[in-house]
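Structure at a glance
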Amino acid sequence: MSLWLSWSSGKDCAWTLHRLRQDGAEVAALFTTLNAQADRVAMHGVRRELLEQQVRAAGLPLHIIDLPWPCTNADYERIMGRFLAKAQTAGVREMAFGDLFLEDIRAYREKNLYGTGIAPVFPVWGMPTCELARDMLAAGLSARLATVDMAKLDASFAGRCYDADLLADLPSGVDACGENGEFHTFVTDGPMFAHPIKVETGAVVVRDGFAYADLLPAD
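Rules used in this analysis
Residues numbered from 1 in each chain as written. Predicted model: local features only at pLDDT ≥ 70, side-chain atom pairs only at ≥ 80, totals over all residues. Heavy atoms only, no water. Buried < 20%, exposed > 50% of the residue type's maximum accessible area, 1.4 Å probe, protein only. Helix = DSSP H or I, 4+ residues; strand = E, 2+ residues; numbered from the N terminus. Arc of directions from axis to C-beta. Phe/Tyr/Trp six-rings, centres within 6.5 Å; stacked < 30°, edge-to-face > 60°. Pairing = 2+ DSSP bridges. Axes fitted to C-alpha atoms, helices over the stretch in contact; angles between N-to-C directions. Contact = heavy atoms within 4.5 Å. Salt bridge = Lys/Arg side-chain N within 4 Å of Asp/Glu carboxyl O. Core = buried A, V, L, I, M, F, W, Y, C linked by side-chain atoms within 4.5 Å. Parallel < 35°, antiparallel > 145°, perpendicular 65-115°, else oblique. Left-handed = near helix turned anticlockwise from the far one by under 90°. Nonpolar A, V, L, I, M, F, W, Y, C, P; charged D, E, K, R; others polar.

Here the focus is helix α5 (residues 129-138). The set of residues buried in α5 consists of Thr129, Leu132, Ala133 and Met136. Looking straight down α5, one finds that the buried residues subtend no more than 100° of arc, so they occupy a single side. Exposed and oriented more than 90 degrees from the buried face of α5 are Arg134 and Ala138. Residue Gly140 follows α5 closely and has a positive phi angle near 100°.

Attention now goes to unusual backbone geometry. That bond from Trp69 to Pro70 is cis: its omega, 0°, falls within 30 degrees of zero. Within the element layout of this structure, Pro70 appears in the loop between β4 (62-67) and α3 (73-89). Notably, Met43 is not glycine yet its phi reads approximately 75°, a positive angle. Relative to the elements of secondary structure, Met43 occurs in the loop between β3 (40-41) and α2 (48-58). Residue Met43 is classed as exposed on the basis of its relative accessible area of 56%.

With that out of the way, let us pick up the environment of Met95. Looking at where Met95 falls in the secondary structure, it is placed in strand β5 (residues 92-96). For the pair Met95 and Arg109, spaced 14 residues apart in sequence, the C-alpha separation works out to 9.7 Å.

One pass over the full model with this rule turns up 8 aromatic pairs. Taking the centre distance of 6.1 Å and the plane angle of 45° together, the rings of Tyr162 and Phe183 count as tilted. Taken together, the positions of Tyr162 in the loop between β7 (142-149) and α6 (164-169) and Phe183 in strand β8 (residues 183-189) put the pair 21 residues apart, joining distant regions of the chain. Like Phe183, Tyr162 is buried.

The next point concerns the sheet that holds strand β10 (residues 210-217). The 4 strands lie next to each other as β8-β7-β10-β9, forming an open sheet whose pairing is antiparallel. On the outer flanks of this sheet lie β8 and β9 (199-207), each paired with one strand and no other. Direction aside, the axes of adjacent strands within the sheet are offset by 25° on average. Each of β8, β9 and β10 is contacted by α2, which is oriented at about 65° to β10, the strand it contacts most.

This structure, assessed with the given rule, holds 9 salt bridges. Asp214 is the salt-bridge partner of Arg40, the closest N and O atoms lying 3.1 Å from each other. Of this pair, Arg40 sits in strand β3 while Asp214 is found in strand β10, placing the two residues 174 residues apart along the sequence. You can call Arg40 partly exposed: its relative accessible area is 22%. By relative accessible area, Asp214 is classed as buried at 16%. Across the pair Arg47 and Asp214 runs a salt bridge, and its minimum N-O distance is 2.8 Å. Residue Arg47 is located in the loop between β3 and α2, and its partner Asp214 is located in strand β10; the two are separated by 167 residues in the primary sequence. The network of salt bridges with shared partners includes Asp39, Arg48 and Asp66.

With that settled, consider the nonpolar core. Residues Trp7 and Tyr162 are the most contacted members of the largest nonpolar core, which totals 50 residues. Taken together, the elements giving at least two residues each to this core come down to β1 (2-6), α1 (11-22), β2 (27-35), α2, α5, β7, β8 and β10. With sequence-adjacent residues up to four places away left out, Tyr162 is seen in contact with Lys11, Ala133, Met136, Leu137, Ala143, Arg144, Leu145, Leu167, Ala176, Cys177, Phe183 and Thr185. Within the second largest apolar cluster, 16 residues are counted, among which are Trp4, Ala29, Ala87 and Val92.

It is worth spelling out the packing of α1 against α5 at this point. Two elements in contact, α1 and α5, have axes whose closest approach is 11 Å; the angle formed by their N-to-C orientations is 70°. The angle between the axes of α1 and α5 places the two elements in the roughly perpendicular class. Read as a crossing pair, α1 and α5 show a hand that is left-handed. Contacts from Lys11, Asp12 and Trp15 of α1 reach α5 at Leu132, Asp135 and Met136. When the residues that make up the contact of α1 with α5 are grouped by side-chain class, the tally is 3 nonpolar, no polar and 3 charged.

See the structure below:
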């Protein structure tokens, strides 16, 4: 069976790739949604160039799903419907996701795949997030906070390294993995990559209640 993995550029999907490979699963490809207007990863705001560096380090092909901006639910469902049809034709029988505990997100993914012949897979589902965060860091995963929801976390966290110091600084009530949307990350290294990705933090842009760290390729 062919398995594709949903790839946001963040730590949870990267760890999912690592876990799948540890379990002997063969991941055939990654797929990512991009804001077509900004040419950046949807939600995370990561540049396409950095995304492409990640997939080269992972050694996998990438399927990009371009979304308009703004993107209505009708737009999203139409575009994703075409993508799923393409995946079916390519022989995909499983799609993996790095979701941790949000039941509504899982149910939405299951609903979208129902009747397609493609089974949703959730390899890291239900793992305690404090323990998961420690496991990822102990295994050598490195990441930067790319996006911060300012209603839940101060903008000064944008661009910071995801490490033990950051975990210690998170306010009470903020999930260690940001699963409630407190923050999104960009992975720069880890056991899922053949080599690290060098980045530097540019300007931090505040827009619509979010702080976006403009991560830039570094020499």
